[in-house]
Amino acid sequence: MTKQKTLIFFGAHPDDETFGMGATLALYVLRGVKVYCVCSTRGEAGSVDPELMKGYATIGDLRWNELKCAAQVLGLADITYLGYRDSGMRGSEQNKHPDALAMAPIEEVAGRMVKIIRELKPDVVLTHDAGGGYGHPDHIATHNAAVKAFYAAGDPAQYPEVGPVFRPYKLYFGVRPRRFTRLMVKLMPLFGQDPHHFGRNRDVDITKTMAVEHPFHAVIRLTKQASEIRVRAAACHASQGGGQPRRGPWLFRINEMFRRQQDYFMREYPPPSQHLEKDLFEGLPE
Ligand SMILES: [Zn+2]
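First, a word on scope: everything that follows refers to the structure included in this document.

1. Regarding the overall build of the protein
Each helix and strand in the protein was counted, giving nine helices and seven strands. For 286 residues, the compact-globule formula gives about 19 Å, and the C-alpha radius of gyration of the protein, at 18 Å, lands near that figure. Projected onto its principal axes, the C-alpha coordinates of the protein cover approximately 50 × 40 × 35 Å. In the protein, 78% of the contacts between residues at least 6 apart in sequence involve partners at least 24 apart. When the accessible area of the protein is evaluated, it comes to approximately 13,400 Å², of which 55% is carbon and sulfur surface.

Next comes the structure, spelled out in structure tokens:
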């Protein structure tokens, strides 16, 4: 019997698995792939609607529960907490918390990921792009550690205490084509949104993400079913605006429309060629 195809997504916060490439994850679950989510933090930073805190001692508890809900909707095989604290945006006080991901040495973060890769033996590994999508320090830290862990997992000289070695076939970063971000930035003021201060905590500068163009090497065409699953999973993340178009209905719809069509991935390994892939598992031995 051949081994079941396996995929790991390394994300920084509860909601990254859904708001970004959620439909792709759902698509591969539907295709029989075992899909795991490893979350660096429990999303403790920032604020949430006090109404939603009923029954929860901390924001981390609430958001982890939202992740559990989303994982169930997406059909994930499991979710794992990497053990760090949400760092908040750059320059915030939360950055300096001793447990913050931003404070953790990359060797340590990558070591925890290597252990998981060697245990779960994924064929494909996914994570944030090098710019962290919109520059969140936790996204960047998760990206850097995941890249290090991807290569280290297959190297017997690295982290020998958490062996045996395992080498996944492929590593991708979820990216958003710049033309889409440009369109967002142009449209936002029309809906009373400031692209320099976006998001629930008004701490996201979307214009900064346009500085770097991330090429894409795989385009995953999403099915209606996978997109609908993503929308339902997003509703689990109520504290982050999921399922409630509070960002301005039209803007929300534009984002949703974009996310319904296809997801874009930049391939880190194997080194990309001119060929545009349509499947993240393309080229793998059957
Ligand atoms: Zn995030």
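That was the structure; now back to the text.
2. Details of the state of the cysteines
For the structure shown, the criterion picks out one disulfide. Here cysteine 37 stays free of any disulfide, with the sulfur of cysteine 39 as its closest cysteine sulfur at 5.3 Å. Take cysteine 39: its relative accessible area is 1%, and that puts it in the buried class.

3. A look at the coordination of the zinc ion
Only His13 (ND1), Asp16 (OD), Asp16 (OD) and His139 (NE2) from the protein reach the zinc ion as donors, at distances of 2.0 to 2.4 Å. Each of the four donor atoms bound to the zinc ion contributes to angles spanning 56 to 143°, and the resulting shape is irregular. Written as a sequence motif, the donor residues of the zinc ion are H-x2-D-x122-H. With histidine 13 in the loop between strand E1 (6-11) and helix H1 (16-19) and histidine 139 in helix H6 (residues 137-153), the pair connects residues that are 126 residues apart, well separated along the chain. For histidine 139, a relative accessible area of 3% gives the class buried.

4. Regarding the environment of aspartate 194
On the secondary structure map, aspartate 194 appears in the loop between helix H7 (178-187) and strand E6 (218-221). Judged by relative accessible area, aspartate 194 falls into the partly exposed class, the value being 33%. In this structure, the C-alpha to C-alpha distance between aspartate 194 and arginine 176, residues 18 residues apart in sequence, is 19 Å. In this structure the side chain of aspartate 194 is engaged in a polar contact, spanning 2.8 Å, whose partner is the backbone nitrogen of histidine 196.

5. Considerations on the packing of aromatic side chains
The geometry of an aromatic ring pair comes down to the distance between the two centres and the angle between the two planes. Counted by the stated rule, this structure contains seven aromatic pairs. Aromatic side chains tyrosine 151 and tyrosine 269 sit 5.9 Å apart centroid to centroid with 85° between the ring planes, which places their arrangement in the edge-to-face category. Note that tyrosine 151 is positioned in helix H6 and tyrosine 269 in strand E7 (residues 262-269), a separation of 118 residues in sequence. Each member of the aromatic cluster is reached from another via a ring pair, and the members are Phe150, Tyr151 and Tyr269. The ring of tyrosine 28 carries arginine 31 above its face, with NZ or CZ at 5.2 Å from the centroid.

Each value, and the rule that gives it
Residues numbered from 1 in each chain as written. Predicted model: local features only at pLDDT ≥ 70, side-chain atom pairs only at ≥ 80, totals over all residues. Heavy atoms only, no water. Helix = DSSP H or I, 4+ residues; strand = E, 2+ residues; numbered from the N terminus. Rg over C-alpha atoms; globule rule 2.2 N^0.38 Å. Contact = heavy atoms within 4.5 Å. Areas by Shrake-Rupley, 256 points an atom, 1.4 Å probe, with all protein chains shown as cover. Disulfide = S-S within 2.5 Å. Buried < 20%, exposed > 50% of the residue type's maximum accessible area, 1.4 Å probe, protein only. Donors = N, O, S within 2.8 Å, 3.2 Å for Na, K, Ca; no water. Tetrahedral: all angles 85-135°; square planar, octahedral: opposite > 155°, others 65-115°. Polar contact = N/O pair within 3.5 Å; in protein donor to acceptor, adjacent residues only side chain to side chain. Phe/Tyr/Trp six-rings, centres within 6.5 Å; stacked < 30°, edge-to-face > 60°. Lys NZ or Arg CZ within 6 Å of the ring centre and 35° of its normal.

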